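Descriptive structure summary
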Amino acid sequence: MGGDFYDVVQTPTGVHLLIGDVSGHGPDEAALGVALRIAWRALVLAGLPAAQVLRGVEQVLLAERNDDEHFATVAMVTLSNDLSRADVVLCGHPAPLLVRGDEVVQLDLDALPMLTMLDGAAPEPASVDLSGEWGLLLFTDGLVEGSSSPASTERLGVDALAAHLHPLVASGQPRDALAPSLLAEAERRHGGPLTDDVAVLLIASSGWWR
C-alpha cells in the first residue's frame with residue numbers, strides 16, 4: 001500500500017485532473033492519500049479557484065499527517081471545456097508529458113514547493129495550448145526513479161520515459177495499453193518490480209485516443 005493517488009472530475013468550468021504522491025510507503029500513507037484526494041474533489045466541486053483548492057488540500061495534509069515529516073507533491077490540471085487549453089499547477093511534482101503528432105515533450109513549467117512548504121504562496125496556473133490532437137501523461141516519480149538498468153545506479157529519468165513513449169505512439173499502439181507498457185519498460189530496465197509506488201494518468205483529445 002502506498003500514498004500515490006489520482007482523480008478526475010468534470011464541472012461546468014472544465015475537466016479537472018489531480019495526481020499526487022504522499023511521502024513514505026504503507027497504510028498510513030495510503031489513508032493520507034485518500035484524504036487528500038477526497039479533499040481536492042470536494043473543493044473542486046465547490047467551485048473554488050486553483051489557489052484555494054491547493055491551500056485547502058495542504059491544510060488537510062497538515063491536519064491529518066501523524067508526524068511533521070510527511071509531505072506530498074501534486075500536479076493539478078484543468079482542461080477547458082473545448083479541450084484547447086490546460087491550466088497546470090505543480091507542487092514539487094514532475095511536469096506532465098505532452099504528446100502531439102510525433103513529438104513527446106515534458107512541459108517546461110515552474111513548480112511550487114511541495115505541500116507543507118507553500119508558506120502562503122498563491123499559485124498562478126500556467127496555461128498550455130492544446131490546439132489540435134493531443135495526449136497528456138501525468139505520473140508520479142516512482143515511474144522514473146528506478147534504475148536505468150539492473151547493473152546501474154543511474155535513474156531511468158523522464159527523458160528515457162519520453163523516448164520509450166514516442167515509438168509506442170508512432171506505432172499506433174492502443175492508447176489504453178500505453179501506461180501498462182511504460183510501467184513494464186520501467187520494471188524491465190530496473191530488473192524487477194519498482195521499489196516506489198507508481199500512479200499514471202493518461203488523458204487525450206478524442207481524435208488522438210483510439
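Report on the accompanying structure. (Residues numbered from 1 in each chain as written. Predicted model: local features only at pLDDT ≥ 70, side-chain atom pairs only at ≥ 80, totals over all residues. Heavy atoms only, no water.)

If you roll a probe as big as a water molecule over the atoms, it shows you where there is empty space left. Enumeration over the complete set of coordinates arrives at 1 cavity of 30 Å³ or more. Space inside the largest cavity adds up to approximately 40 Å³. Secondary-structure elements contributing two or more residues to the lining of the largest cavity are helix 3 (157-170) and helix 4 (178-190). The element contributing the most residues to the lining of the largest cavity is helix 4, with 4 residues. (1 Å grid on protein atoms, 1.4 Å probe; cavity = no way out; pocket = protein on both sides within 12 Å on 5 of 7 lines; lining within 4 Å. Points joined across faces, edges and corners; volume = space filled by probe spheres on them. Helix = DSSP H or I, 4+ residues; strand = E, 2+ residues; numbered from the N terminus.)

Moving on, we come to helix 4. Spanning 13 residues, helix 4 covers 18 Å between terminal C-alpha atoms, matching the ideal 18 Å at 1.5 Å per step. All buried positions along helix 4 are accounted for by L178, S181, L182, E185 and A186. End-on, the buried residues of helix 4 take up no more than an arc of 135°, which puts them together on one face. Taken together, the buried residues of helix 4 touch strand 8 (135-139), helix 3 and strand 9 (200-204). (Expected span 1.5 Å × (residues − 1). Buried < 20%, exposed > 50% of the residue type's maximum accessible area, 1.4 Å probe, protein only. Arc of directions from axis to C-beta. Contact = heavy atoms within 4.5 Å.)

What follows deals with the sheet that holds strand 9. What the 4 strands build is an open sheet, ordered 6-5-8-9; its pairing is antiparallel. Since the sheet does not close on itself, it has two edges, and those belong to strand 6 (103-106) and strand 9, each with one partner. Taken over all neighbouring pairs, the strand axes of this sheet differ in orientation by 15° on average, direction set aside. Judged from the 3 bridges that link them, strand 5 (residues 97-100) and strand 8 form a sheet pairing that is antiparallel. Note that in strand 8 the partner of V99 across the bridge is G135. (Pairing = 2+ DSSP bridges. Axes fitted to C-alpha atoms, helices over the stretch in contact; angles between N-to-C directions.)

On to the packing of helix 1 (residues 27-45) against helix 2 (residues 50-64). Where helix 1 contacts helix 2, the axes come no closer than 9 Å and their chain directions differ by 150°. Considering their axes alone, helix 1 and helix 2 lie roughly antiparallel with respect to each other. Taken as a pair, helix 1 and helix 2 cross one another with a handedness that is right-handed. Packed against helix 1, whose contacting residues are L32, A35, L36, A39, W40, L43 and V44, the element helix 2 presents Q52, V53, G56, V57, V60, L61 and E64 at the interface. Taken together, the residues that form the contact of helix 1 with helix 2 break down as 11 nonpolar, 2 polar and 1 charged. (Parallel < 35°, antiparallel > 145°, perpendicular 65-115°, else oblique. Left-handed = near helix turned anticlockwise from the far one by under 90°. Nonpolar A, V, L, I, M, F, W, Y, C, P; charged D, E, K, R; others polar.)

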